[in-house]
Structures are given as structure tokens and as C-alpha cells.
Amino acid sequence: MPYPLLILVDLIGVFLIELLFLGDLRITQELPATVLPGSETKVTVNVEKGDLSGFAKLQIDLPAGFTCTAIETKGASFTFSDQKAKFIWMSLPTQPSFKVSYNLVADAAANGQLPVNGRFSYILDNERRTYDLATSTVTVMGDPAVALEVPPTPVMDNSN
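This report concerns the structure included in the present document.

Basis of the calculations
- Residues numbered from 1 in each chain as written.
- Predicted model: local features only at pLDDT ≥ 70, side-chain atom pairs only at ≥ 80, totals over all residues.
- Heavy atoms only, no water.
- Patch = residues over 30% accessible without salt bridge, like charges linked within 9 Å, V, L, I, M, F, W, Y side chains within 5 Å.
- Areas by Shrake-Rupley, 256 points an atom, 1.4 Å probe, with all protein chains shown as cover.
- Salt bridge = Lys/Arg side-chain N within 4 Å of Asp/Glu carboxyl O.
- Helix = DSSP H or I, 4+ residues; strand = E, 2+ residues; numbered from the N terminus.
- Core = buried A, V, L, I, M, F, W, Y, C linked by side-chain atoms within 4.5 Å.
- Buried < 20%, exposed > 50% of the residue type's maximum accessible area, 1.4 Å probe, protein only.
- Pairing = 2+ DSSP bridges.
- Polar contact = N/O pair within 3.5 Å; in protein donor to acceptor, adjacent residues only side chain to side chain.
- Contact = heavy atoms within 4.5 Å.
- Axes fitted to C-alpha atoms, helices over the stretch in contact; angles between N-to-C directions.

### Side note on a nonpolar patch on the surface
Among the surface-exposed residues, Phe55, Met90 and Ile123 lie close enough to one another that they form a single nonpolar patch of about 310 Å² accessible area. Along the chain, Phe55 turns up in the loop between β3 (40-48) and β4 (56-61).

### Focus on the nonpolar core
The biggest cluster of nonpolar side chains holds 32 residues, and the ones touching the most others in it are Leu58, Ile60, Leu62, Phe66, Trp89, Tyr102 and Phe120. A total of five residues in this core trace back to one element, the largest contributor, which is strand β8 (residues 97-106).

### Considerations on the pattern of salt bridges
Under the definition given, this model contains two salt bridges. Ionic pairing is found between Arg119 and Asp61, a salt bridge with its closest N-O pair at 2.9 Å. Of this pair, Arg119 sits in strand β9 (residues 112-124) while Asp61 sits in strand β4, and the two are 58 residues apart along the sequence. On the basis of relative accessible area, Arg119 is assigned to the partly exposed category, the value being 25%. Classification of Asp61 as buried rests on a relative accessible area of 14%. Where Glu127 meets Arg129, a salt bridge forms, and the shortest distance between an N and an O atom there is 3.9 Å. Relative accessible area serves as the criterion here: at 44%, Glu127 is assigned to the partly exposed category.

### Considering the pairing of β8
Both faces of the sheet carry side chains from a regular strand, because those side chains alternate between them. Of all ten residues that make up β8, seven are buried, and the element is covered over most of its length. Strand direction decides the pairing type here: β3 and β8, joined by nine bridges, are antiparallel. Following the sheet pairing, Val47 is matched in β8 by Phe98. With six bridges joining them, strand β5 (residues 66-72) and β8 adopt antiparallel strand pairing. From the neighbouring strand, Ala70 faces β8, where its bridge partner is Tyr102.

### Comments concerning the side chain of Asp61
A polar atom in the side chain of Asp61 sits 2.8 Å from the side chain of Gln59. A distance of 2.9 Å separates a polar atom in the side chain of Asp61 from a polar atom in the side chain of Arg119. Leaving out residues up to four positions away in the same chain, Asp61 has contacts with Gln83, Lys84, Pro115, Val116, Asn117, Gly118 and Arg119.

### Digging into the sheet that holds strand β1 (residues 26-30)
Pairing in this open sheet of four strands is antiparallel, and the strands run β1-β3-β8-β5 from one edge to the other. Two strands lie at the open edges of the sheet, namely β1 and β5, each paired on one side alone. Taking the axes of each pair of neighbouring strands and ignoring which way they run, one obtains an average angle of 25° across the sheet.

Listed below in C-alpha cells is the structure:
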């Protein structure tokens with residue numbers, strides 16, 4: 001077998017092994033498209049990890065104007081500092097898929113289209129690997145006072 005063909009077969013083999021073992025690794029965030037300044041909303045992150053086990057870290061990078069607190073961690077330690085939310089597992093949950101959630105808080109002065117990025121880092125075959133989450137955009141717009149206004153109750157006139 002010629003040398004270049006041997007390299008090609010080797011690369012295809014490595015690709016297929018990764019596809020078989022990690023082809024089902026998929027992580028998605030359920031973020032709202034828009035939020036009001038000063039509001040809070042629940043964000044759910046769906047992790048489909050297959051047989052992956054051991055140490056892992058999910059990091060969500062929030063833009064200035066947002067903070068967050070953990071709701072459901074599935075056994076991870078949670079920290080939020082320097083606009084980074086971190087879920088760290090010493091050992092991932094045993095289920096092939098699970099959900100974590102956090103409370104996203106928009107600052108009262110926040111506005112515009114703001115990107116939310118993230119990555120999932122894990123160990124496979126004694127090597128650190130990273131899965132980048134798709135960038136989501138949250139638009140902060142509107143006046144928070146408008147959302148708090150209660151429409152007036154109509155008065156019924158029964159004088160007829």
C-alpha cells in the first residue's frame with residue numbers, strides 16, 4: 001500500500017472512531033430571543049453525552065449586562081465570575097443525556113443584541129477535548145417599566 005494511501009486510511013479510521021464514540025455529543029441552550037432590561041429568565045442547557053464519563057466542565061460566557069445563578073446543576077459545582085458561568089463535574093451524570101439550568105438576569109441598563117457563547121471541556125483517552133456550543137444571540141430591548149404596568153380594568157356601565 002503506498003504511503004499516502006496508508007495515511008488516508010489511518011485518518012479515516014480515527015474519524016470513524018470519534019464519530020462512533022462521540023457522534024452523539026450534542027449540547028444546546030434554550031435561550032429566549034428577547035428579554036427586557038432588568039428581567040430574569042430560566043435558561044436550560046441540554047447535554048447529550050452518550051457514554052462519556054468522568055471529569056467535565058461546561059462554561060457559558062455571558063456578555064456584560066448579564067449575570068446568572070444556578071437552578072439545576074445535576075451534581076456539578078457552579079460558579080459565576082468574570083462573566084463566566086461554570087458547571088464542573090468531577091464525574092458526569094451516568095444518564096446518556098441530562099439538563100442543567102440557570103437563571104439569566106439582564107441588568108436594567110443592558111440593551112442591544114448580545115452574544116452568549118460556551119464550551120464543554122472533557123477528558124477522553126487522557127486528552128483534553130473541547131466541544132464549542134453554537135453562539136446564541138439575546139436581544140435586550142424595551143422599557144422594563146412597561147412590562148410592569150397593569151392595564152386598567154374596564155368599568156361596566158349598567159345604566160341602560
